[in-house]
Amino acid sequence: MMKKLALSLSLSLLSLSMGCTPLRGVGDMGLVVERASGSIRVIETTTNTILSRTEGLGDLSHASAVYSRDGRYAFLFGRDGGLSKVDLLTGKRVQRVVQAGNSIGGAISQDGRLVAVSNYTPGGVRIFDTSSLALVADIPAIGSDGKTSKVVGLVDAPGQQFVFSLFDAGEIWLADLTEVDRPKITRFTQVGDKPYDALITPNGRFYIAGLFGEDGLSLLDLWHPEKGVRKILQDYGKGEAKLPVYKMPHLEGWAVAGDLAFFPAVGRHEVLVADTNTWKLKGRIPVHGQPVFVMSRPDDRQLWVNFAHPDNDTVQVIDVPSLAVVKTLQPGSGVMHMEFTPRGEHVWVSVRDADRVDVYHTGTFEKLGSLEVEKPSGIFFGSRAHKIGL
Amino acid sequence: MRAMRIFFAFSVLSFLAVTSAAWGGQPQPLRQQALIHLLKHDCGSCHGLTLKGGLGPPLTPEALSGKSAEMLADTIAYGLPATAMPPWQGLLSREEIFWLAERLREGVAP
C-alpha cells in the first residue's frame, strides 16, 4: 500500500516536473485575429477566457481560418499570402509558408488532407498538404478573356471539391481534387459582373456568389452542375439609386431558416430575403446601414447583422419569424465580426477600435463580459471544423 | 503712415489665413490621427492595412507615382464609377481629402 502510494506520488511529481498540463479537448476552443499585430489569441468559450497568444503570423489585416478535422490545428490565411498552421493546444505556430503575394481566404477539403488558398496576386488557387504544407496543386485563374483574375469566395464542397469565383473575369470554377495531381476543373463563364464573395449551403448543395457589379447573385446547384449557373434575385433594387459601399459585404456562413435565406444587399441598407424553393425575392428588411455580415444563430431563430463604415459601431438583431429588427446594440466603433458559440447561447463580437471582444447573451442581449484583444477582427471557433463550407 | 502699415500687415495676414484654410490647410492634430486610422483600417479593408493592395489596387508612393494630389483627391472625393471605389465626399471635407492625398503621395508609416 505504502509502496503504491509512493509510486503514484513520484509519478505525479514526475509529470509536474515535466510541465505536463492537464488533458483537455478542443471542442470549446477558438481564435480571435489581432489584425494589426499579426497575431492571434487562442480562447475558450466555456468560461470565456484567453488561453494564449501566437505571434509571427504576418499581415492579418484581412485574415480567416479553417480547422483540421481533429480540431487541434488552425490554418490561417493572411493578406500577405502567408499560410500558417497553429496548434491550439500549445498556442505555437508549427508551420508557415508564404505562398503568394496577396491572398484573401481559404478552405479545407472534405477529407481534411488538403488546404486551399485563394489569391489575388498571382490570381488563382494553390493547394497544400495539411500535414506538411507542401504545395500539391496550382490552379492559375485565367478567365476566358485570357487575363488573370483575383479569386474570391473559395469554399469546400462534397466529393473532395473546391468551388471559387473569379472577381475580374466573372466566372465560377469547380475543382475536383479526387486525384490531387490531376485536378479536374469545370469552368462556368459569364456568371455575372464582379462576384465579390460566395457561400455554400450547410448541406453543400448550393454555391451562391454575390455580385458587386449588378443587382443579384449567381447560383450553382452542385447536385446538377450540368444545368449551369443561374442568376437569382436579379434587379432587386431596379430604378433605385445605389448608396456608396464603404466595405464589401461578406457572404461567410449561411443564414437560412425553414425555406427562407438572407443576404446583405449591395448599395442598399437592407437585408434581402429569398425563398429557397424558387430563389425568388420574398422581402427586404430595412436595417441601420450597409450590411457586412448577416449571420444566423445556430438555431436559425435570429440573424445578427453588422455594418460598413461609417455605421460600424452598431449591430442589429433580426427576429426570423417576424422578419423585423428586434434589437439594436452599439458595442463601439469598428465592429468587425461576430461568432456564435456552437449552440448559440452566446455571441462574441469584435470591437476593433476599442481593442475589445464583447460576449453577449443572445436571449437577453445582456453583455456578459469583455476580453482585451488588440485590434480584433475575425473570430473563428473550432466548431467550424465539422461544417461544410467553413 | 504707421496706421497704413498696420492695416497692410493685417490684410496680408488675414489673406494668408483664408487661403491656407482653402488650399493645403491642415486638419487639427486629433483629426489627423483619426484620418490615418481611417486610411489604415477602412481604406485598408480593400487596399490592405499596409496599403499594398487587396481587392483595390496598392496605394504606395511607388504605385501612385505620376499621379497628382488633385487627381488622387478627385478619386477619393468622387470614387470611380463601375468599380468598388466609393465617393468619400459625404464623409470627408475637401481639406481632409487633400491632406490624405498628400499623405498617400509621401507614404504612410506602417
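Quick summary incoming for the structure in this document.

Procedures and definitions
- Residues numbered from 1 in each chain as written.
- Chains lettered and ligands numbered in written order.
- Predicted model: local features only at pLDDT ≥ 70, side-chain atom pairs only at ≥ 80, totals over all residues.
- Heavy atoms only, no water.
- Helix = DSSP H or I, 4+ residues; strand = E, 2+ residues; numbered from the N terminus.
- Buried < 20%, exposed > 50% of the residue type's maximum accessible area, 1.4 Å probe, protein only.
- Contact = heavy atoms within 4.5 Å.
- Salt bridge = Lys/Arg side-chain N within 4 Å of Asp/Glu carboxyl O.
- Expected span 1.5 Å × (residues − 1).
- Phe/Tyr/Trp six-rings, centres within 6.5 Å; stacked < 30°, edge-to-face > 60°.
- Lys NZ or Arg CZ within 6 Å of the ring centre and 35° of its normal.
- Polar contact = N/O pair within 3.5 Å; in protein donor to acceptor, adjacent residues only side chain to side chain.
- Pairing = 2+ DSSP bridges.
- Axes fitted to C-alpha atoms, helices over the stretch in contact; angles between N-to-C directions.
- Disulfide = S-S within 2.5 Å.
- Parallel < 35°, antiparallel > 145°, perpendicular 65-115°, else oblique.
- Left-handed = near helix turned anticlockwise from the far one by under 90°.
- Nonpolar A, V, L, I, M, F, W, Y, C, P; charged D, E, K, R; others polar.
- Buried area = accessible area lost by both parts, 1.4 Å probe.

### Details of the overall build of chain B
Move 1: Helix and strand counts for chain B stand at four helices and zero strands.
Move 2: Along chain B, helices (α) and strands (β) appear in the sequence α-α-α-α when read from the amino end.
Move 3: Counting every position in chain B, which comprises 110 residues, the buried fraction comes to 35%.
Move 4: Long-range pairs, those at least 24 residues apart, make up 53% of the contacts in chain B with a sequence separation of at least 6.

### Some remarks on unusual backbone geometry
Residues and elements named next belong to chain A.
Move 1: Residue Thr 121 is joined to Pro 122 through a cis peptide bond whose omega torsion reads -10 degrees.
Move 2: Inspection of the secondary structure assignment puts Pro 122 in the loop between strand S9 (114-121) and strand S10 (124-129).
Move 3: Along the chain, His 309 connects to Pro 310 via a cis peptide bond; the corresponding omega equals 0 degrees.
Move 4: The backbone phi angle of Leu 323 is positive, close to 55 degrees, even though this residue is not glycine.

### Some remarks on the pattern of salt bridges
Residues and elements named next belong to chain A.
Move 1: Going through the model one piece at a time under the given rule, you end up with 28 salt bridges over all chains.
Move 2: Two residues, Asp 319 and Arg 301, come together in a salt bridge whose shortest N-O distance is 3.2 Å. You can see Asp 319 sitting in strand S26 (residues 315-319) and its partner Arg 301 sitting in the loop between strand S24 (291-296) and strand S25 (302-307), a full 18 residues away along the chain.
Move 3: In this structure, Lys 375 and Asp 355 form a salt bridge, with 3.2 Å as the shortest nitrogen-oxygen distance. Of this pair, Lys 375 sits in the loop between strand S31 (367-372) and strand S32 (376-381) while Asp 355 sits in the loop between strand S29 (346-351) and strand S30 (356-361); the two residues are 20 residues apart in sequence, bridging distant segments of the chain.
Move 4: Each member of the salt-bridge network shares a partner with another, and the members are Glu 34, Arg 41, Arg 53, Glu 55 and Glu 374.

### Describing helix H4 (residues 94-106) of chain B
Residues and elements named next belong to chain B.
Move 1: Along its 13 residues, H4 runs 19 Å from first to last C-alpha, staying within 8% of the 18 Å computed at 1.5 Å per residue.
Move 2: Restricting attention to buried positions, one finds in H4 the residues Glu 96, Ile 97, Trp 99, Leu 100, Ala 101, Arg 103 and Leu 104.
Move 3: Lining the buried residues of H4 we find helix H2 (29-47) and helix H3 (69-78).
Move 4: One or two positions beyond H4, positive phi appears at Gly 107, with a value near 95 degrees.

### Some thoughts on the packing of aromatic side chains
Any two aromatic rings considered together are summarised by their centre-to-centre distance and by the angle between their planes.
Residues and elements named next belong to chain A.
Move 1: Enumeration according to the criterion identifies six aromatic pairs over all chains in this entry.
Move 2: The interplanar angle of 50 degrees and the centroid separation of 6.1 Å between the aromatic rings of Trp 304 and Phe 365 together place this pair among those described as tilted. Taken together, the residues span a long stretch of sequence, with Trp 304 in strand S25 and Phe 365 in the loop between S30 and S31 at a distance of 61 residues.
Move 3: By relative accessible area, Trp 304 is classed as buried at 0%.
Move 4: You can call Phe 365 buried: its relative accessible area is 17%.
Move 5: Their ring planes at 90 degrees and their centres at 5.3 Å tell us that Trp 348 and Phe 381 sit as a pair that is edge-to-face. In this pair, Trp 348 sits in strand S29 while Phe 381 sits in strand S32, placing the two residues 33 residues apart along the sequence.
Move 6: Assessed through its relative accessible area of 1%, Trp 348 is described here as buried.
Move 7: Residue Phe 381 is classed as buried on the basis of its relative accessible area of 2%.
Move 8: Above the face of the Tyr 73 ring, Lys 85 is positioned so that its terminal group lies 4.8 Å from the ring centre.
Move 9: Seen from the ring of Trp 173, Arg 187 lies directly overhead, with NZ or CZ sitting 4.5 Å from the centre.

### Observations concerning the environment of Asp 215 of chain A
Residue and element names in this part refer to chain A.
Move 1: Its location among the elements puts Asp 215 in the loop between strand S17 (206-211) and strand S18 (217-221).
Move 2: A relative accessible area of 12% places Asp 215 in the buried class.
Move 3: Taking the C-alpha atoms as reference points, Asp 215 and Ser 131, 84 residues apart in sequence, are found 42 Å from one another.
Move 4: Discounting chain neighbours no more than four positions away, the residues touching Asp 215 are Leu 233, Gln 234, Asp 235, Tyr 236, Gly 237, Lys 238, Lys 242 and Arg 268.
Move 5: Reaching out from Asp 215, the side chain makes a polar contact with the side chain of Arg 268 at a distance of 3.4 Å.

### Some thoughts on the sheet that holds strand S23 (residues 280-286) of chain A
All names here are of chain A.
Move 1: Reading across the sheet, the four strands line up as S20-S21-S22-S23 and stay open at both edges, with antiparallel pairing between neighbours. Each edge of the open sheet is held by one strand with a lone partner, namely strand S20 (255-257) and S23. Each adjacent strand pair in this sheet contributes to an overall mean axis angle of 25 degrees, direction not counted.
Move 2: Here five bridges tie strand S21 (residues 260-264) to strand S22 (residues 270-275), and the two strands are oriented antiparallel to one another.

### Describing the state of the cysteines
Residues and elements named next belong to chain B.
Move 1: Enumeration according to the criterion identifies zero disulfides over all chains in this entry.
Move 2: Cysteine Cys 43 is unpaired, with the sulfur of Cys 46 as its nearest cysteine sulfur at 9.3 Å.
Move 3: On the basis of relative accessible area, Cys 43 is assigned to the buried category, the value being 15%.
Move 4: Among the residues examined, Cys 46 registers a relative accessible area of 17% and is labelled buried.

### Examining the packing of H2 of chain B against H4 of chain B
All names here are of chain B.
Move 1: At a minimum axis distance of 11 Å, the contact between H2 and H4 shows a crossing angle of 60 degrees. Regarding the angle of H2 to H4, the classification is oblique. Here H2 and H4 pass one another in a crossing that is right-handed. Between H2 and H4, the contacting residues are Arg 31, Gln 32, Leu 35, Ile 36, Leu 38 and Leu 39 on the first element and Glu 96, Trp 99, Leu 100, Arg 103 and Leu 104 on the second.
Move 2: Residue classes in the contact of H2 with H4 are distributed as seven nonpolar, one polar and three charged.

### Side note on the interface of chain B and chain A
Move 1: The interface is formed by 21 residues belonging to chain B together with 22 residues belonging to chain A.
Move 2: Taken over both partners, the interface formed by chain B and chain A buries close to 1,800 Å², and the fraction arising from carbon and sulfur atoms is 59%.
Move 3: Its largest share of buried area at the contact with chain A, chain B owes to His 41, Leu 49 and Leu 55 of chain B, together 32% of the area lost on that side.
Move 4: Asp 42 of chain B is paired through a salt bridge with Arg 352 of chain A; the nearest N and O atoms lie 3.7 Å apart.
Move 5: For the pair chain B and chain A, the number of links is six residue pairs in polar contact (both at pLDDT 80 or more).
Move 6: Among the residues forming the side of chain B that touches chain A, the class breakdown is ten nonpolar, nine polar and two charged.

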